[in-house]
Amino acid sequence: MTSTPALVIAAPASGSGKTTVATGLMGALRRAGHRVAPFKVGPDFIDPGYHTLASGRVGRNLDPVLVGEQLIGPLYAHGTVGADIAVVEGVMGLFDGRIGDAGSGPAAGSTAHVAGLLGAPVVLVVDARGQSHSIAALLHGFTTFDSTTRIAGVILNRVGTARHEHVLRQACEQAGVPVLGAIPRAAELELPARYLGLVTAVEYGRRARLAVEAMTGLVARHVDLTAVVAAAASRVGAPPWDPVTAVGGRMGGRPTVAMAAGKAFSFAYAEHAELLRAVGADVVEFDPLSEALPEGTNAVLLPGGFPEQFAAELSANELVRRQLQHLTVAGAPVHAECGGLIYLVSEFDGYPMCGVLAGSARFTQHLTLGYRDAVAVAESPLYSVGRRVAGHEFHRTTVTFTDSYQPAWVYRSPGLGDRAVRDGVVHGGVHASYLHTHPAATPEAVARFVAHAVARP
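Residues numbered from 1 in each chain as written. Predicted model: local features only at pLDDT ≥ 70, side-chain atom pairs only at ≥ 80, totals over all residues. Heavy atoms only, no water.

The name an unreviewed UniProt entry assigns to the protein is Hydrogenobyrinate a,c-diamide synthase, from the organism Mycobacterium gastri. Entered under Catalytic activity (unreviewed entry) in the UniProt record, the comment concerning the protein runs "hydrogenobyrinate + 2 L-glutamine + 2 ATP + 2 H2O = hydrogenobyrinate a,c-diamide + 2 L-glutamate + 2 ADP + 2 phosphate + 2 H(+)". Of the protein, the UniProt comment under Cofactor (unreviewed entry) reads exactly: "Mg(2+)". (UniProt positions renumbered as here; feature names shortened; annotations may be inferred.)

In structure tokens:
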């Protein structure tokens, strides 16, 4: 089996320009005639939206913390079917990963960790502002820190003048690292950001497409695409992940699963809908900002997103809020993560929400962020009691319930003195919590969810 060659785009630290370079490289390679498979390391839901625009293929995530090392190769092979090259955007700095998991090798979930699992070379994007000869020392450190991580070259970003570029190239030559490109400063490419990262591509709309086109042009002009393609490699020998095999085949019945999408609910992994369809469901997207539930809805999936940015619009769509209330009263299975949880409570910052769960939500200035090892503590349409999962929290909201509910999860949070945290709610057919999970890690939960939808009268 031949593995699709890949390049992993990394950086010494966040803010170096990885997303601009990775997205632009995807677009430039596509423009040059390549079939590009886009990936993002980690639990990020935002960057893959830009990758999708640039490559014309769905952006996917590779996160060994959420799915386990054993699934990275199969998920990569699945995402590269029909592609001739893959571009993998890293997360944070090259060796940054799950806090507390750094041992003799790269930290768990780090870009270096994923590059090693793929057997793929790393291209380091370095913000050259304020640097000249010192870049040689930086490159020396990154190329020698871990012998299992191979750095194939560097792309110099935000270069000032022609003389600045000349000095930087000399320093890179001294460090023995090939220069694959030198990109000048281009302030017009700065994408709008907020507290959880970039504004999502679906929110940014036409301007997102124009930004991706600009990134594509910038990389095409200033990066040696021939050298990039020549450097790409991987040694993934696993067969592609197959959603039908993962869920154990199709079941009887064909329930309609309504999946929230649009500007307020865009935090969904591509594999989720693939698993739902594999087990026999019809997945129909709807936008809670303006649309009703699809006709014949048997179950609802409410992924995360930015409901706090659209609270007034969500509240104004009274029809879909009533429909969700009626469905949950009738026992329909509802799976809500993070933003979906917020949507189900009684009110959010004074705006009426669905009222499925008695309680209120508030936007705060406190960021809750990190991986969690969680245990299911109530029987639900997704999990049996005792099921352990790896998940990720990423939010600035808080929820206060006014009724007593069974929690969905219990886990320990290092940010709260490592004390046990009770997260979310299991109530009737509703499973709602802050925890984001990757469905490829627990395909049996997807099958169980659809089975509940089929069994419901």
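**Examining the overall build of the protein**
Scanning the protein from terminus to terminus reveals 16 helices and 21 strands. In terms of overall size, the protein behaves like a compact globule, its C-alpha atoms giving a radius of gyration of 23 Å where 457 residues would be expected to give roughly 23 Å. Each of the three principal axes of the protein carries a C-alpha extent, and together these read 70 × 45 × 45 Å. Burial status across the protein gives 59% buried among its 457 residues. Taken as a whole, the protein presents about 17900 Å² of accessible surface, with 51% of it coming from carbon and sulfur. On the protein, the mean spot of the 36 positive side-chain charges and the mean spot of the 38 negative ones are 2 Å from each other. (Helix = DSSP H or I, 4+ residues; strand = E, 2+ residues; numbered from the N terminus. Rg over C-alpha atoms; globule rule 2.2 N^0.38 Å. Buried < 20%, exposed > 50% of the residue type's maximum accessible area, 1.4 Å probe, protein only. Areas by Shrake-Rupley, 256 points an atom, 1.4 Å probe, with all protein chains shown as cover. Lys, Arg positive; Asp, Glu negative; His and termini not counted. Charge placed at Lys NZ, Arg CZ, Asp CG, Glu CD.)

**Here we look at the side chain of His395**
Note that His395 resides in strand β17 (residues 388-401). Given a relative accessible area of 6%, His395 falls into the buried group. Here the side chain of His395 touches Glu393 through a polar contact of 3.0 Å, side chain to side chain. Contacts of His395, omitting those with residues within four sequence positions, involve Cys338, His366, Leu367, Thr368 and Tyr434. (Polar contact = N/O pair within 3.5 Å; in protein donor to acceptor, adjacent residues only side chain to side chain. Contact = heavy atoms within 4.5 Å.)

**What about the UniProt feature "site: Increases nucleophilicity of active site Cys" (unreviewed entry) in the protein?**
Those places that UniProt annotates as "site: Increases nucleophilicity of active site Cys" (unreviewed entry) correspond, in this numbering, to His436. As for its placement among the helices and strands, His436 is situated in the loop between β21 (430-433) and α16 (443-455). When its relative accessible area of 2% is taken as the criterion, His436 is described as buried. Those residues in contact with His436 that lie beyond four places of it in its chain are Phe45, Phe267, Gly304, Glu337, Cys338, Gly391 and His392.

**Things to note about the nonpolar core**
Core analysis: the largest hydrophobic core is formed by 116 residues, its most contacted members being Leu62, Leu94, Leu118, Leu276 and Trp409. When residues are assigned to domains, this core turns out to be shared by domain 1 (6-231) and domain 2 (243-455), each giving three or more. In terms of nonpolar packing, the next biggest core, distinct from the first, is built from 37 residues, Ala264, Leu314, Ala358 and Ala432 among them. (Core = buried A, V, L, I, M, F, W, Y, C linked by side-chain atoms within 4.5 Å. Domains from an automatic or database assignment.)

**A closer look at the domain arrangement of the protein**
By a widespread convention, an interface's size corresponds to the accessible area lost as its parts come together. Segmenting the protein into domains produces domain 1 (6-231) and domain 2 (243-455). Taking only C-alpha atoms into account, the centre of domain 1 sits 31 Å from that of domain 2. The interface is formed by 21 residues belonging to domain 1 together with 28 residues belonging to domain 2. In total, domain 1 and domain 2 occlude about 2400 Å² of area from one another, counting both sides; carbon and sulfur atoms represent 66% of this. Remark: the boundary between domain 1 and domain 2 carries three salt bridges. Two residues, Glu274 and Arg60, come together in a salt bridge whose shortest N-O distance is 2.7 Å. At the junction of domain 1 and domain 2, the tally comes to five residue pairs in polar contact (both at pLDDT 80 or more). (Buried area = accessible area lost by both parts, 1.4 Å probe. Salt bridge = Lys/Arg side-chain N within 4 Å of Asp/Glu carboxyl O.)

**Concerning the packing of helix α12 (residues 270-278) against α16**
Look at α12 against α16: their axes get within 9 Å of each other, and the N-to-C directions meet at 50°. In terms of their interaxial angle, α12 and α16 are classed as oblique. Of the two possible hands of crossing, α12 and α16 adopt the one that is right-handed. In this structure, α12 contributes His272, Leu275 and Leu276 to the contact, and α16 contributes Pro443, Val446, Phe449 and Val450. (Axes fitted to C-alpha atoms, helices over the stretch in contact; angles between N-to-C directions. Parallel < 35°, antiparallel > 145°, perpendicular 65-115°, else oblique. Left-handed = near helix turned anticlockwise from the far one by under 90°.)

**Description of unusual backbone geometry**
Backbone geometry at Arg158 places phi at a positive 55°, although glycine is not the residue there. Along the polypeptide, Arg158 turns up in strand β6 (residues 151-159). For Asp349, which is not glycine, the phi dihedral falls at a positive 50°. If you trace the backbone, Asp349 turns up in the loop between β14 (345-348) and β15 (351-352).

**Quick notes on the sheet that holds strand β13 (residues 334-337)**
Pairing is mixed in the open sheet, where six strands are placed in the order β11-β10-β12-β13-β21-β20. Strands with a single pairing partner mark the edges of an open sheet, and in this sheet they are β11 (282-286) and β20 (425-427). Neighbour-to-neighbour, the strand axes of the sheet open up by a mean angle of 15°, direction not taken into account. Bridge count between β20 and β21: three bridges; the pairing is antiparallel. Following the sheet pairing, Val426 is matched in β21 by His431. (Pairing = 2+ DSSP bridges.)

**Structural notes on the pairing of β6**
Most of β6 sits out of view: nine of its nine residues are buried. Direction of pairing for strand β5 (residues 122-127) relative to β6: parallel, over a ladder of six bridges. Looking at β6, one finds that Val123 is bridged to Gly153. With respect to chirality, the unit in which β5 leads through helix α6 (residues 134-144) into the neighbouring parallel β6 is right-handed. Summarising the sheet, β6 and strand β7 (residues 179-184) pair through four bridges and their orientation is parallel. Bridged to Ile155 within β7 is Gly181. Assessed by its sense of winding, the connection that carries the chain from β6 through helix α7 (residues 162-175) to β7 is right-handed. (Right-handed = clockwise from strand over helix to strand, strands pointing away.)

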